[in-house]
Structures are given as C-alpha cells and as structure tokens.
Amino acid sequence: MLKYSALKKLLKDHQLRVTDCRLDVLQLFKSRGHALTSRYLEDELTTYDRVTLFRTLNSFIEKGVVHKIPDDSGIARYGICGHSCAPAAHHHDHVHFKCSSCGHVDCLSDYTVPAVTIPGYLIQESNMILNGVCKSCNQ
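Everything quoted here is computed from the prediction, not taken from an experiment.

## Observations regarding the environment of E42
Next up, step 1: Structurally, E42 can be placed in helix α3 (residues 38-44).
Next up, step 2: The exposure class assigned to E42 is buried, which follows from its relative accessible area of 18%.
Next up, step 3: Remark: the alpha-carbon pair of E42 and F54, spanning 12 residues in sequence, is separated by 9.4 Å.
Next up, step 4: When neighbours within four sequence positions are excluded, E42 is seen to be in contact with R50 and L53.

Below, the structure is given as structure tokens:
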C-alpha cells in the first residue's frame, strides 16, 4: 500500500489537485494491481457518487494517470499508467491480458503490441487483448 505522500506527489506531478476522492481512487488502483471498472470503483468507494467517480476517472485519463482498456464485453476498464505517460501523450502500446476464470485484466507493460503498417491507412492506435487463464488461477 502506498503512502498518501507518494499518492499526493503522483497527483501533483500530473498537475491534478489533491482531493480525498482522487487519493482514494488512486490508492484503490495501486492496491489492486489490475485494471478496474467504474462499477467496481462505485462498489468499493461508496462515499462518492457515480458522477464524482466518473469525473475523477476522466481527469485521470486526461492527465495521463490511467488509460482506458478496450474490452470485448463492452465494460470499460481502466489501468494505471506507467511513468512514460503524460497529459500530452499516452503510451499504451503494451499487451493486456484478460483472465477467463477470474475476469481480471492485467497490463503487461513488458510486452508491446507489434507494429503494423497497412498501405493507405493511418493507424492512430492499436490494442491487443490476450484471453486465457492468469498466473493466479492457473496454479
């Protein structure tokens, strides 16, 4: 669990005001270690209403704190950004893994999405989601 001073620094480094909600959301992301849904945030952080949590997530996306992860289920998931993200440029060319057993989605930052070029097309973003059984469920 990260100390609040580290969380405050992270918020300030991304030019975000320090609020209780932002600290609590960030703490939840850091403590879980995998991507979270907005519904999960609502269920865990009942002190805050849906609108406040939604605005917090949007400000985190805009400032490079979290990124939205595409999912075939239609449920938006959010993962914590790495050190290379900033408001001007998100860098999420890493692979995501969705466990078919527990449902967790993990960012696999050490594995990058292969570069693809298609003549006549301008690719602005690429995503890769691998499906299978995670390490924890596979034991």
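## What about unusual backbone geometry?
Next up, step 1: Of note in this structure, Q15 is not a glycine but carries a positive phi near 55°.
Next up, step 2: Along the polypeptide, Q15 turns up in the loop between α1 (4-13) and α2 (20-32).

## With respect to α2
Next up, step 1: Here α2 spans 18 Å end to end across 13 residues, near enough to the 18 Å set by a 1.5 Å rise per residue.
Next up, step 2: Residues of α2 that are buried: C21, R22, L23, V25, L26, Q27, L28 and F29.
Next up, step 3: A positive phi of about 80° marks G33, the residue just after α2.

## Comments concerning the confidence of the model for the chain
Next up, step 1: When the pLDDT values of the chain are averaged, the result is 87; 91% of them are 70 or greater.
Next up, step 2: Per-element averaging of pLDDT across the chain places strand β5 (residues 105-112) at the bottom with 84 and α3 at the top with 95.

## Observations regarding the sheet that holds strand β4 (residues 94-99)
Next up, step 1: Reading across the sheet, the three strands line up as β5-β4-β6 and stay open at both edges, with mixed pairing between neighbours. With partners counted over all chains shown, the strands left at the sheet margins are β5 and β6 (129-132), one partner each. The mean angle between the axes of side-by-side strands here comes to 30°, regardless of whether they run parallel or antiparallel.
Next up, step 2: With four bridges connecting them, β4 and β6 associate as parallel partners. Each bridged residue has a counterpart across the sheet, and for C99 the counterpart in β6 is G132.

## Details of the sheet that holds strand β2 (residues 66-69)
Next up, step 1: Pairing within the open sheet is antiparallel, and its three strands lie in the order β1-β3-β2. Bordering the open sheet on either side are β1 (36-37) and β2, each of which pairs with just one other strand.
Next up, step 2: Where β1 lies against strand β3 (residues 77-80), two bridges are found, and the strand directions are antiparallel. For L36, the partnering residue across the bridge sits in β3 and is Y78.
Next up, step 3: Docked against the sheet, α2 engages β1, β2 and β3, running at close to 80° with respect to β3.

Scoring rules and cut-offs
- Residues numbered from 1 in each chain as written.
- Predicted model: local features only at pLDDT ≥ 70, side-chain atom pairs only at ≥ 80, totals over all residues.
- Heavy atoms only, no water.
- Helix = DSSP H or I, 4+ residues; strand = E, 2+ residues; numbered from the N terminus.
- Buried < 20%, exposed > 50% of the residue type's maximum accessible area, 1.4 Å probe, protein only.
- Contact = heavy atoms within 4.5 Å.
- Expected span 1.5 Å × (residues − 1).
- pLDDT = per-residue confidence, 0-100.
- Pairing = 2+ DSSP bridges.
- Axes fitted to C-alpha atoms, helices over the stretch in contact; angles between N-to-C directions.

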